[in-house]
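# An overview of the molecular structure
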Amino acid sequence: MKRIFVYTLLLAGVFSSCEKRVNISLPYEGDRIVVNSLIQPDSVMYVRITRSVPVSVYDDSGFEEIPNAAVTLEENGTMLASLKQQRILGRTYFVSTEKAMRGRKYDIRVSVPGMTPVSGSDTLPCAPIIGNASAQRGGSRIQFMLTDPPGSTDYYRIRVFTYGPTHQPDTIRQFQLDPTFNNNIEDVLSSYNNTFLVMQDTRFNGKQVNFVLEAKDPLIDTDQVMIEVSALTYDSYRYFKTIASQQRTATGLITEPIRVFTNINAGYGIFAGINTKRLVFTLE
Amino acid sequence: MSLATKLLTGLLVLLLPLKVLGWDWQTRVTVVVKDQPLQVVCEILEKTYGIHFSYSRELVNLSRKVTITAYRQRLKNVLEEVFTPYDIRYTRVGDQLVLQTIVCSTRTISGYVQDAATGEKLPGATIYSPSLRQGTTTNQYGYFSFTSAKDTGAYLFSYVGYEPLLQHISGIGNRLVTINLPPAGSLQEVVISASDETKIQNQTQMSKIGLPLSMVQAMPKLLGEADVMRTLQALPGVSGSMDGAGGLHVRGGSPDQNLVLMDGSPVFNFSHFFGIYSLLNADLIKSTDLYKGAFPARFGGRLSSVVDVSLKDGDMKNYHGDAAIGMISAKINVEGPIKKDKTSFIISGRRSYPDLVYNAIFKSTPGSGSLYVYFYDVNAKVNHIFSPKDRIFFSFYKGEDNLRIKQSPTDSSSQSGMKVENSKFRIGWGNTIGAVRWNHIYGPKLFSNVTVNYSEYVFTSEIWLKSVTKRTGEITDQSGRYGSRMKDIGGKIDFDYRPTPRHGIRFGAALMGHHFRPGRSDYEDKNSPVKPLDTLNTSIDTRGLEMTVYAEDDWQVGRNFYANVGLHASGFVVDGRFYYSLQPRLGLRYMLPDNWALKGAYTHMNQYIHMLSNNGMPLPTDIWVPSTQRVAPMFSQQVAAGLAKTVKDMTYEFSLEGYFKSMSNMIEPTDPGLTNFELTKWDEQVTVGKGWSYGGEILLKKQKGKTTGWVGYTLAWSTRRFPGVNNGNIFPYKYDRRHDLEVILAHKLSKNWELSAAWHFATGTPLTLPVASYHSVNGASPWDPGGIDNGGIDRYGTRYNYRTQNVHRLDVGITYTKQKKWWRKSWNFSIYNVYNQSNPFFYYLKTDDEARQRYLSKVSIMPILPSITYSVKF
């Protein structure tokens, strides 16, 4: 609800506001190793090592990679084979030889000459149980069934893709939970859509729920939709949750800035488990 | 003797004297004498009504001359009027009235001090005995009680803006009087200033500022509105939020720690337009006292400040009113007697009007919908005097801010292909306050005020949307509402007992019921086949009961040593739990040579309710919640010390104060974004911490002469520490300003012209800037749909690692006033931010994709703003 006031304040400000660049030297904590890797069960692990930059640096090229980083991975305390550097889609990744397995704990250590070594660890979550996806052509409602295991606290991320002319899920769609499904007037009032939704199972623990999403724009000019549901560990949940919060409160007008969660000791980034399942279906 | 016989005999014994004697205390008598000895009054009563007097001529002096005009008055009242001033006691013995002289070395003069022209009671007026060099002041209801030597005959009554009155009060006994002070001749109209006439060095109370309402009205206006809250922000020890926004931060405390009282009733949200304006029309205010510390025991319930606003009671003698129109709002006030000198009323209304202009222009286009953005407030008060000892007040306030949008049916050709058939949106918030007060004088030394009040704050947002998606024929018929309601219902009784000039004792009790219903939400889409995930109740419905007893004594301990000693005890019952607190209050004053006063104070304050807000800027959506098992009541301790003095017959007033305040059990959200906030579990989503603030304040006021105003300077530090925030380390408060300087001036150029200026300077507030940027990740494999990249992330390190730029601003105003035969008109021309200083409203990190740069950007919203106000008084 507060956001409504932010927008109103901003709207009011538009009529009389002026904006000026502040020429100050923004603070910089110094170069740190950034480790980014989400570990998918039954898949090799892709690790990207970059370095942090001052805030004032404009970088849309994926940040500076550290090719000479020494990266080691351990599975339940046993070191895995050396990771191989691979160039994929213009980025450099350290790729494991072995596939990650559910029920194992993984540790990573990265060292770079002249920089503080970093480390991180996590486990892998169970696969989400999903099915029965459907949507209507020209409509905006997308439905699918999610069965949440009882007992444990489970975390999820949901994304929606549509297929383009190349018959690839190349367009990520903005959406929110259907206001009726979420039973929340704030969804209608704020109409905040995002490309991903992160949640925990507090409201549906142990239940089979027919999830209903509402796409920001109606599903036209496409025949196929892909629902992606990722089960998350607590670390990967906090990572995505805080990213969403940081994006949503970017002006810092009414809230303090959000610090994105990291589980990389002495560095930044994330090394955490994820278990993604996808449902591809044709529009009715 | 049977029982019936006994009863009959008893009845006869009781009735016989009445029948035989023929008079009692209620007998109506008529006595009219002018300058005649008391003896004559006795003779009239004896001759006309058969009332016999018995007394010793040596002991009871009936030669004193009196004047009395009483037609069919009760005998008791007539006797009291003629004998009490001369210390003659009258007692009934059989059919006789026995007169005796009361042996007493003192007399007590009590009563009210009021405006001679309007009958408006004057709080803070001074009563002074020049011969004894002792004095007192009226309380907030204009009542005083002054006990002095029996032979004291002359008393000096004074008040800012009024001619001092040296009044000889006849008789040698206690007297209940009403003193009428004539407005100063040089002024065409007196604005009750409520700044105590008492010299600051003669008040034990420190850390209190009586806001001169004349200054509120003289100050440069923002968009044509004089405003109390903005004037309060110009006092040392007080700062606002962001430029142009409201909020009072008193001595490092947050806005939720301020107790705002309107005629004794608590107010939840004291602002319109996001804090730009106070919820009250400044013309209605009789007095405003700000307590920043050294809180008297009669106040409690908040940690950092008390803003005690008293509204005008209404003119008892004549009808008059005023009307004004500025750039934003128009207002009208009317007051006058319902029955002259007995009953008065005051009624006022104010509404912002730009939306009316907008709709008048644009609504002429068919199908253009409507937009209403406005605030309004209405005030009504009735004041009735039953007797010299009893008066009653009924007051009512209602104010709201509203945004209403109605969209006309559309046939969109946009990509969505959605046809809106009906769309309405409303968001509104406001206060409703009602109170009944009864002032009663029990005797020369005891006064009481009984208040029953109701205060409610409501926030509501509603939406209705009916639309059809053309492509699918899908019909949406949504309606929903979100709202919060907080209300207080309570009663209190306050006594003011002044046994001797060395003691001014106040005591009382209060009971206040709180009802919190924040976060109520319901939503329905009539045509939706979708089944809700759950029907969880996301709102709170809690009741609490707060009870208070207090006592304080303003005590002259020695010749140069004074103390205000008090104790405030309170309890709070909520959800079966009981919290309580004993809050000692101590104020000390020692008179130094050359009329300097050295003051000190210690106060302990408790607050049982918390506000869920994470930014320090009051918003209408803010929610009040009671303490829980996990989040205990807040409490603070404050010590203050200072020097004070007035010079040149109170022309100049100087005060210097230092303070240290600790605050405990404050709350801070653990998720500052509140993106997943569950109201029903709010206490699990906040961290409980402490705060400290300390600093010094200097205030130099010029109160008399053609030029008035003040210079205030504040040096302050305010910090916080919350587990889990900033790694558990201490960090500055969001509105911690190291230096704050205010210069306020009003100058009377001539009979018709008055000039005012206000210059404000404050050092920057803390700001959290990121300390690095780094790459993020989106998926497990670069081959995944959507790719693996998720752009950059800004890394935030230590909280508040930067300070915003200093802010400063000059506002000026000039008022032209012309007195006509029956009315008076005035024009005010004000300029806010004369030199168009770009003070920051907020900062953000801007990514400029075209220039391929990232930099800090400052947004300012309050440029130079001229305004004009026209007003008439009749």
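This is a predicted model, so every value here is computed, not measured.

On to the overall build of chain A. For chain A, the count of helices and strands is four helices and 18 strands. By the compact-globule yardstick of 19 Å for 284 residues, chain A fits well, its C-alpha radius of gyration being 21 Å. In terms of overall dimensions, chain A has C-alpha extents of about 55 × 50 × 40 Å along its principal axes. Out of the 284 residues in chain A, the part that is buried amounts to 44%.

Whenever strands of a sheet pair, they do so through backbone hydrogen bonds, lying parallel or antiparallel. All names here are of chain B. Reading across the sheet, the five strands line up as E13-E20-E21-E16-E17 and stay open at both edges, with mixed pairing between neighbours. Only two strands of the sheet have a single partner each, and these edge strands are strand E13 (208-211) and strand E17 (265-267). Across the sheet, the mean angle separating the axes of adjacent strands is 25° when strand polarity is ignored. Note that E13 and strand E20 (residues 285-291) share four bridges and pair antiparallel. Looking across to E20, one finds that Lys208 is bridged to Tyr291.

Attention now goes to the confidence of the model for chain B. A low pLDDT score tells you not to read the predicted coordinates there in detail. All names here are of chain B. Mean pLDDT over chain B stands at 85; residues scoring 70 or higher make up 91%. For residues 7-20, every residue scores under 50 in pLDDT, and the model assigns this stretch one contact once sequence neighbours within four places are set aside. Taken as a whole, residues 186-196 scores under 50 in pLDDT and shows 37 contacts with residues more than four places along the chain or in a different chain. Interface predicted TM-score (ipTM) for the complex: 0.93; the corresponding pTM is 0.84.

On to the interface of chain A and chain B, then. Between chain A and chain B, the contact holds 91 residues from the first and 81 residues from the second. For the side of chain A that touches chain B, the leading source of residues is helix H1 (residues 2-16) of chain A, giving six residues. When the residues that make up the side of chain A that touches chain B are grouped by side-chain class, the tally is 47 nonpolar, 27 polar and 17 charged. The sheet contact formed by strand E1 (residues 18-22) of chain A and strand E51 (residues 853-860) of chain B spans five bridges and is antiparallel. Note on E51(B): the bridge partner recorded for Arg21(A) is Ser857(B).

Looking now at the nonpolar core. In globular proteins that are soluble, nonpolar side chains generally tend to be buried together. The biggest cluster of nonpolar side chains holds 69 residues, and the ones touching the most others in it are Ile33(A), Val35(A), Ile39(A), Val47(A), Ile49(A), Val110(A) and Val160(A). The element that contributes the greatest number of residues to this core is strand E17 (residues 224-232) of chain A, accounting for six residues. Excluding its chain neighbours within four sequence positions, the residues that come into contact with Ile49(A) are Ile33(A), Val35(A), Glu65(A), Ile66(A), Ala69(A), Val71(A), Phe94(A) and Val110(A). With 67 residues, the next largest nonpolar core counts Val267(B), Val306(B), Val309(B) and Phe572(B) among its residues.

This next bit is on the environment of Tyr774(B). Structurally, Tyr774(B) can be placed in strand E45 (residues 770-777). In contact with Tyr774(B), other than residues within four places in its own chain, are Val34(A), Thr50(A), Ser52(A), Phe63(A), Tyr268(A), Gly269(A), Gly792(B), Ile793(B) and Arg795(B).

Since there are 3.6 residues in each turn of an α-helix, residues three or four apart along the chain are aligned in direction. All names here are of chain A. With 15 residues, helix H4 (residues 234-248) should cover 21 Å at 1.5 Å per step; its first-to-last C-alpha distance of 21 Å lies within 8% of that length. For H4, the buried fraction is high: eleven of the 15 residues fall into the buried class. Buried residues of H4: Asp235, Ser236, Tyr237, Tyr239, Phe240, Lys241, Thr242, Ile243, Ala244, Ser245 and Gln246, and no others.

Cut-offs applied
Residues numbered from 1 in each chain as written. Chains lettered and ligands numbered in written order. Predicted model: local features only at pLDDT ≥ 70, side-chain atom pairs only at ≥ 80, totals over all residues. Helix = DSSP H or I, 4+ residues; strand = E, 2+ residues; numbered from the N terminus. Rg over C-alpha atoms; globule rule 2.2 N^0.38 Å. Buried ≥ 20, exposed ≤ 12 C-beta atoms within 10 Å, placed from the backbone. Pairing = 2+ DSSP bridges. Axes fitted to C-alpha atoms, helices over the stretch in contact; angles between N-to-C directions. pLDDT = per-residue confidence, 0-100. Contact = placed C-beta atoms within 7 Å. Nonpolar A, V, L, I, M, F, W, Y, C, P; charged D, E, K, R; others polar. Core = buried A, V, L, I, M, F, W, Y, C linked by C-beta atoms within 7 Å. Expected span 1.5 Å × (residues − 1).

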